[in-house]
Amino acid sequence: MSARDDILGKLRSKLGHLSDPNLTNPALTHIQEHYKNLIPKRGDLDKAQRIDLFCNEATRINATIARLSSTSDIPDSVSAYLRAHQLPARIKIAPHPTLTGLEWQAKTSLMVEQGRGQGDDGVSVSVAFAGVAETGTLVMTSGPETPTSLNFLPLDHIVVVQGDDIAGNYEAVWERIRAKSVDEGQPGTLPRTVNWITGPSRTADIEQTLLLGAHGPQRLHILIVDDPRP
Amino acid sequence: MHPTSPQFKQNARAALADVPLQAALAKLAVGFPVRRAEAAARLPEFEGLRDNARDIKNHVLENLDYYLEAYEKKVNDAGGHVHWCRDAEEARQTILDICRKADARTVTKSKSMISEEIAINTFLEENGIEPVETDLGEYIIQLRKEPPSHIIAPAIHLSKEQVADTFRLAHGDLAHDRPLVEPRALLEEARAKLREKFLGADVGLTGANMLIAETGTNVLVTNEGNADLTNNLPRVHVVIASIEKIVPTLEDASTILRVLARSATGQDISVYTTFCTGPKRPQDLDGPEEYHVVLLDNGRSDMIGSEFHEMLRCIRCGACLNHCPIYKSVGGHAYGWVYSGPMGAVLIPSLIGMEEAQHLPNASTLCGKCESVCPMRIPLPKMLRKWRERQFKAEMGSTTARWALKSWAWLARRPALYRFVLGLGVGVLGQFGGRGRFSALPFASGWTSKRDLAAPAGDTFISQYHKGARGDQSGDLIRNKVCG
């Protein structure tokens, strides 16, 4: 008997699922319902308050934030960040239309490469699928325009998130991801990776001393793009 | 790993005399519990979420066969492979076969308790493949050839000086006189060493905090980002997980994540929570080309429907360790195997046998703190008592203890006689306990050699209660005597 049949057979007999072959499958029923459990009220806010909560929560866990009113402000803001931290004027950007369409050359003297992350990348700029106000979390999805390696290899990670994409809670983002999978003709399929990122990398494994920058980025800088005009 | 659980008593004695260990445990005892309490207080829905989390896993365990099949189908749909394994031996062989097919020389690993359970590192080494632990704590103990002493803080028992010595020995290519005093210097050295390993590895082996049936996804939770470099960079990603890790939906996973980090470290959520589904997609610029899940039973299906069924809800947060007076006194290594603390004392006998692990269920004061902080509301003290009952039935334990328990049980079934004997004992001890405590007593040296025994009030609680002594001055007397 294969290990699969052995394990499943044992479970079926222990759980009493052998006797009635016409039993409805409670697992499939539950999965299709997408039943929502208790959702913390914390994120239940209007848009402006949601963005404020996102900022508060993200800065609590050592992320830094700049608020921009237009994507065209991104190059200047990135450039200012590099200067403030005395970093080389060189960045790796995700091949995402929000970033590739910007006038990096005209506005800054930065050396801009695009592509996936490499071991020697110092600073990356990528685009978040969403933010979650509840815990100041960024939601990154993998894809041709958003390679996951950019989120982890550099020491400085800069992430662009649209104000409109900052949700109150995780469940709201899952619904958006499901809706997108339907639009793309692959309903219910997740991207290869979905990363929730909440602050920069850290460890407390040596004498319980908190240190930032364990294997991932030591600094996480979030650019919230939100046009204040209605 | 060969268990040293049978030597629990010797292990515990050595641990109590271990100065760096005691310093580390003292720090742990004030750190984690305080941060957990703060995180719980910050979220009004925390207790309700614990109820939800418990109910989700109960539902899964009742329907585990259905969920495993649904999960498997989704992994296949996403282009991954599921390998079912009955025991550690099958899992080790499966992982080795995958590595051999991938022509692997180096395997990076992110922290996985199941991988400790099946002792995969030794096995890979024996077969000429280099396994590299990438969680900082795990990396340190791998270099020292030690098992983890805590689920989420595996090197908690070590001082920074011990870590520095370990690095000097292991990183022989670096200048011997380099300064390694500060934790930051140690971290940077490990980061640089491990970065090379991440970039050069052929296979990435991770555990899974959860497996999501809805999408065929594995969830990874870390603060360092090591699990992400492990699953993203190598050509092959292998997930090793036991069958009870299943949750139904993305919503259910989110609920459990809301209690996991709060219970573990007191963070609202860990820095990195990663959902991996299958191999890279055709247009993706990075990610593994192969995705395998090694789905391991290793004793879990035996626990289904048993007295220890509820243990399968455990999400390995470590809260019960952090709050346990025994764990906080002796640390994790004393338990002698992969797991420790109250969850270890319940789980280890199920996995390696009651005979080998017979001391562990007795290494508890049954104070109940573990159950009160368990995010999954697992009745750990009840299950520790179940093991003790089984041991008694199997005639294990010392003759004296068994004789004492039998006598007590005989007496306790005869309430009038019980009260009479108790009254006699309390009266006599009360007479002689003039200064309120005994520093020595016949038959009680196990207690009095380490601490004084408080003298009883001279009258039993029930008899004082019948005399109407409550709430007034003599009521206070009862409370003082009973509590102190």
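What counts and how
- Residues numbered from 1 in each chain as written.
- Chains lettered and ligands numbered in written order.
- Predicted model: local features only at pLDDT ≥ 70, side-chain atom pairs only at ≥ 80, totals over all residues.
- Helix = DSSP H or I, 4+ residues; strand = E, 2+ residues; numbered from the N terminus.
- Rg over C-alpha atoms; globule rule 2.2 N^0.38 Å.
- Buried ≥ 20, exposed ≤ 12 C-beta atoms within 10 Å, placed from the backbone.
- Contact = placed C-beta atoms within 7 Å.
- Nonpolar A, V, L, I, M, F, W, Y, C, P; charged D, E, K, R; others polar.
- Pairing = 2+ DSSP bridges.
- Axes fitted to C-alpha atoms, helices over the stretch in contact; angles between N-to-C directions.
- pLDDT = per-residue confidence, 0-100.
- Core = buried A, V, L, I, M, F, W, Y, C linked by C-beta atoms within 7 Å.
- Expected span 1.5 Å × (residues − 1).
- Arc of directions from axis to C-beta.
- Left-handed = near helix turned anticlockwise from the far one by under 90°.

### Examining the overall build of chain B
Working step 1: Helices and strands together make up the secondary structure of chain B, namely 23 helices and twelve strands.
Working step 2: Its C-alpha radius of gyration of 26 Å places chain B within 12% of the 23 Å reference for a compact globule of 484 residues.
Working step 3: Structurally, chain B occupies a C-alpha span of about 85 × 60 × 45 Å along its principal axes.
Working step 4: Here chain B holds 484 residues, and 50% of them are scored as buried.
Working step 5: Restricting the contact set of chain B to residue pairs at least 6 apart, pairs at least 24 apart contribute 74%.

### With respect to the interface of chain A and chain B
Working step 1: Across the boundary between the two partners, chain A contributes 60 residues, which contact 77 residues of chain B.
Working step 2: Those elements that provide at least two residues to the side of chain A that touches chain B are α1 (3-15), α2 (26-33), α7 (170-183), β9 (193-197) and β10 (202-203) of chain A.
Working step 3: Ranked by the residues each element gives to the side of chain A that touches chain B, the list is headed by α1 of chain A, at ten residues.
Working step 4: Broken down by class, the residue content of the side of chain A that touches chain B amounts to 24 nonpolar, 24 polar and twelve charged.

### Quick word on the pairing of strand β7 (residues 156-162) of chain A
Residue and element names in this part refer to chain A.
Working step 1: With respect to burial, β7 is a largely interior element, six of its seven residues being buried.
Working step 2: Sheet topology places β7 next to strand β12 (residues 219-225); seven bridges connect them, and they run parallel. Within β12, the position partnered with His-157 by the bridge is Leu-220.

### Let's talk about the sheet that holds β7 of chain A
Each strand in a sheet pairs with its neighbour through backbone hydrogen bonds, running either in the same direction (parallel) or in the opposite one (antiparallel).
All names here are of chain A.
Working step 1: Pairing is parallel across the open sheet formed by six strands, whose spatial order is β1-β12-β7-β4-β2-β3. Two strands lie at the open edges of the sheet, namely β1 (64-68) and β3 (111-114), each paired on one side alone. For this sheet, the mean angle separating the axes of adjacent strands, direction not counted, is 25°.
Working step 2: Inspection of the sheet shows strand β2 (residues 90-93) paired to strand β4 (residues 123-127) by two bridges, in the parallel sense. Residue pairing in the sheet places Ile-93 in a bridge with Val-125 of β4.

### Some details on the confidence of the model for chain B
Residues and elements named next belong to chain B.
Working step 1: Here chain B averages 92 in pLDDT, and 96% of its residues register 70 or above.
Working step 2: pLDDT under 50 marks residues 477-484. Its contacts with residues more than four places away, or in other chains, come to nine contacts.
Working step 3: Scored by ipTM, the complex comes to 0.97, with pTM at 0.93.

### So, the nonpolar core
Working step 1: In terms of nonpolar packing, the biggest core is built from 185 residues, with Ala-128 and Val-139 of chain A together with Tyr-67, Ile-240, Ile-256, Val-294 and Ile-348 of chain B touching the most fellow members.
Working step 2: Ignoring any residue separated from it by four or fewer positions in sequence, one finds Val-294 of chain B in contact with His-83, Cys-85, Ala-91, Thr-94, Ile-95, Val-238, Val-239 and Ile-240 of chain B.

### Overview of the sheet that holds strand β6 (residues 137-141) of chain A
Working step 1: Taken in spatial order, the eight strands make up an open sheet running β8(A)-β5(A)-β6(A)-β9(A)-β9(B)-β6(B)-β5(B)-β8(B), and their pairing is mixed. Two strands lie at the open edges of the sheet, namely β8 (166-167) of chain A together with β8 (246-247) of chain B, each paired on one side alone.
Working step 2: Pairing of β6 of chain A with β9 of chain A, which is carried by four bridges, proceeds in the antiparallel orientation. By the bridge assignment, Val-139 of chain A is partnered in β9 of chain A with Trp-196 of chain A.
Working step 3: Sheet strands touched by α7 of chain A: β5 (130-132), β6 and β8 of chain A. Its angle to β5 of chain A, the strand with the most contacts, is close to 160°.
Working step 4: Each of β5 (210-212), β6 (217-222), β8 and β9 (272-276) of chain B is contacted by helix α12 (residues 250-264) of chain B, which is oriented at about 160° to β5 of chain B, the strand it contacts most.

### What to know about helix α3 (residues 47-60) of chain A
All names here are of chain A.
Working step 1: The end-to-end C-alpha separation of α3 is 20 Å, in line with the 20 Å expected for 14 residues at 1.5 Å each.
Working step 2: The set of residues buried in α3 consists of Arg-50, Ile-51, Leu-53, Phe-54, Glu-57 and Ala-58. Along α3, the residues classed as buried sweep out an arc of 160° about the axis, all on the same side. Pointing more than 90 degrees away from the buried face of α3 are the exposed residues Ala-48 and Asn-56.
Working step 3: Taken from the residues just after α3, Asn-62 is the one with a positive phi, measuring 75°.

### Here's the deal with the packing of helix α9 (residues 160-170) of chain B against helix α10 (residues 183-200) of chain B
Residues and elements named next belong to chain B.
Working step 1: Axis separation between α9 and α10 bottoms out at 10 Å; the angle between their running directions is 35°. Our pair here, α9 against α10, has a crossing hand that is left-handed. Between α9 and α10, the contacting residues are Lys-160, Val-163, Ala-164 and Phe-167 on the first element and Pro-183, Leu-186 and Glu-189 on the second.

### Re the environment of Ile-95 of chain B
Residue and element names in this part refer to chain B.
Working step 1: Among the structural elements, Ile-95 can be located in helix α5 (residues 88-101).
Working step 2: Separated by 250 residues in sequence, Ile-95 and Ala-345 place their C-alpha atoms 28 Å apart.
Working step 3: Apart from residues lying up to four places away in sequence, Ile-95 is in contact with Ile-120, Val-238, Ile-240 and Val-294.

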